[in-house]
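Geometric and topological summary
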Amino acid sequence: MMTPDDPRSAYDKIFSLLEKHHSWMRETINLIASENVHSPAVREAMQVDFSDRYAEGWPGERVYAGTKYIDEVEILGNELTKELFRAEFADVRPISGVLANLSILTAFTEPGDRMMCLSIPTGGHISSARHRLWGTAGRVRGLKVQYFKYDEYELNIDVDATIRKIERLKQKGKHIDLFMFGASVFPFPQPIDEISQVAKENGSYVNYDAAHVAGLVASDNFQDPLREGADSLTFSTHKTLPGPQGGCIVAHEQFADRIKRGVFPALHSNHHLHHVAAKAVVMAEMLAFGKEYSQQIIKNAQALGQALTEEGFKVLAEHKGFTKSHVLLIEVADTPLRNGRAVEEKLEDANIIINRNLLPWDKRFGRDYIRPGGIRLGTSEITRLGMKEPEMTQIAEFMRRIVFNQEATNKVAKDVAQFRKEFQKVFYAFDTARDAYDYIKMR
Ligand SMILES: *Cc1c(COP(=O)(O)O)cnc(C)c1O
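Residues numbered from 1 in each chain as written. Predicted model: local features only at pLDDT ≥ 70, side-chain atom pairs only at ≥ 80, totals over all residues. Heavy atoms only, no water.

Examining the sheet that holds strand E14 (residues 355–357)
A sheet is described by the order of its strands in space; here 4 strands give the open sequence E11-E12-E15-E14, paired in antiparallel fashion. If you trace the sheet from one side to the other, it starts and ends with strand E11 (314–315) and E14, each paired once. Sheet topology places E14 next to strand E15 (residues 374–378); 3 bridges connect them, and they run antiparallel. Counterpart to asparagine 355 in the pairing with E15 is arginine 376. Sheet contacts for helix H12 (residues 340–349): E14 and E15; angle to E14, the most-contacted strand, approximately 170°. (Pairing = 2+ DSSP bridges. Helix = DSSP H or I, 4+ residues; strand = E, 2+ residues; numbered from the N terminus. Contact = heavy atoms within 4.5 Å. Axes fitted to C-alpha atoms, helices over the stretch in contact; angles between N-to-C directions.)

In structure tokens, the structure reads:
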């Protein structure tokens, strides 16, 4: 099959795999919280000649020629992003959420400085993790990492305990240079304002990593970090914000210079200009449709939480309505499948794509990321396809048939594919001529 002396058959194989992936996506229910599906317009922008060009630097201050149209698109992208996030400064250049975060770490800290964020079991992201874990903050930027105190029942930062911890550290001469809010498992708005006040009294920077919730924040359906005390916001452009894969930063004007330099020259040379074009497109789409889209994402997440509870699942934070974002956390350790990995695998065989997730208390029960006690679900992609509350009941039923009734996966897979037939278009977009998962042949 794929041998180096037969490049043509390898080449053909690549395209057949790509087409297979597209056909499969048409038949699946995707509940991965960090994924979404972009519009045909975003895809069109991603296949333009910008992908073959360089435009190092800032529009108007480039170190390359031939960028006149690229400059205009990038300026539009920045302007639309500023408007969407009600921010004084925007930089659409970071090529990923991790690099947006590292740009901020570069702008606001020096190696050896100290950062406070959430630990991984409480929802934190690897880009904020310690040296020992090969986290970006610890291993790449050389920061010492302290964790926010976490309330496992409320699934949120414990403000009082955190403020006491900051005081204790301060008495030992341990100053926190940067507070990093945000997370990868993130059902409720975080208490930024109180902790930011303490941060400001101590001369610390505050960044909010909105990788997951950028779409909800942009449409003001979750929380408003720049008004609640954050200096800057980093995010991925492909999670609740349904754009191309990439990163972005918005901030108050006073931080613009350092952030620009953190992005370039510190961390990017080529900044993937076709993605810049696609980011500009998604910002325009979100200005027009983001409010309605985000509201439905959250309603769907709450409805799915309710429906799953009725089917016998243990959805966390029931006392608070399960979630105020796109994310649900579910404990599966006492289901017949016993752990998140088994649930993930069985559901995938049934055309339902989710991911396993460590629960805050898993380590105490000797569980790890390989076989954690939980799963994480998100409703961004199914909402983009036009699904509403009634479909959430249907999805919960499919999941119950696999996890509790242990029905044959191929039987449920067929029913899922049938159910998916009606949901092939992207909603909340200006143009939807193509279906969401059309395979576009250009060869
Ligand atoms: C996804 C995520 C990132 C990383 O984003 P990429 O675009 O995948 O590099 C950073 N922070 C958090 C909290 C995330 O969930």
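Here's the deal with the packing of helix H6 (residues 159–171) against helix H7 (residues 192–201)
Across the interface, H6 lies against H7 with an axial gap of 10 Å and an inter-helix angle of 10°. As judged from the angle between their axes, H6 and H7 are roughly parallel. Judged by residue contacts, Val159, Thr162, Ile163 and Ile166 of H6 engage Glu194, Ile195 and Val198 from H7. Here the contact of H6 with H7 is built from residues that sort into 5 nonpolar, 1 polar and 1 charged. (Parallel < 35°, antiparallel > 145°, perpendicular 65-115°, else oblique. Nonpolar A, V, L, I, M, F, W, Y, C, P; charged D, E, K, R; others polar.)

Side note on the pairing of strand E9 (residues 232–236)
Along E9, 5 of the 5 residues are buried, which leaves the element largely enclosed by surrounding structure. Burial along E9 is two-sided: Ser232, Thr234 and Ser236 and Leu233 and Phe235, pointing in opposite directions, are all buried. Direction of pairing for strand E8 (residues 205–209) relative to E9: parallel, over a ladder of 3 bridges. Bridge assignment links aspartate 209 to a residue of E9, and that residue is threonine 234. (Buried < 20%, exposed > 50% of the residue type's maximum accessible area, 1.4 Å probe, protein only.)

Observations regarding the packing of aromatic side chains
Going through the model one piece at a time under the given rule, you end up with 16 aromatic pairs. Between tyrosine 11 and phenylalanine 15, the ring centres sit 5.2 Å apart and the planes meet at 70°, which makes this aromatic pair edge-to-face. Remark: phenylalanine 15 and tyrosine 11 occur in helix H1 (residues 7–27); sequence separation between them is 4 residues, near one turn of the helix. Overall, tyrosine 11 belongs to the partly exposed group, its relative accessible area being 35%. When the centroid spacing of 5.4 Å and the interplanar angle of 85° are considered together, the rings of phenylalanine 186 and phenylalanine 222 count as edge-to-face. Placement of phenylalanine 186 in the loop between strand E7 (178–182) and H7 and of phenylalanine 222 in the loop between helix H8 (214–218) and helix H9 (225–228) is noted, with a sequence separation of 36 residues between them. Taken as a pair, phenylalanine 186 and phenylalanine 222 share a single burial class, namely buried. Among the aromatic side chains, those forming a connected cluster through ring pairs are Phe108, Tyr205 and Phe255. When the ring centre of tryptophan 134 is taken as origin, the NZ or CZ atom of arginine 139, which lies over that ring, is 3.9 Å away. Over the aromatic face of tyrosine 293 sits the side chain of arginine 384, whose NZ or CZ is 5.7 Å from the ring centroid. (Phe/Tyr/Trp six-rings, centres within 6.5 Å; stacked < 30°, edge-to-face > 60°. Lys NZ or Arg CZ within 6 Å of the ring centre and 35° of its normal.)

Remarks on a nonpolar patch on the surface
Residues Tyr54, Val63 and Tyr64 make up a contiguous nonpolar surface patch of about 290 Å² in total accessible area. Turning to its location among the elements, tyrosine 54 is positioned in the loop between helix H2 (40–46) and helix H3 (68–85). (Patch = residues over 30% accessible without salt bridge, like charges linked within 9 Å, V, L, I, M, F, W, Y side chains within 5 Å. Areas by Shrake-Rupley, 256 points an atom, 1.4 Å probe, with all protein chains shown as cover. Salt bridge = Lys/Arg side-chain N within 4 Å of Asp/Glu carboxyl O.)

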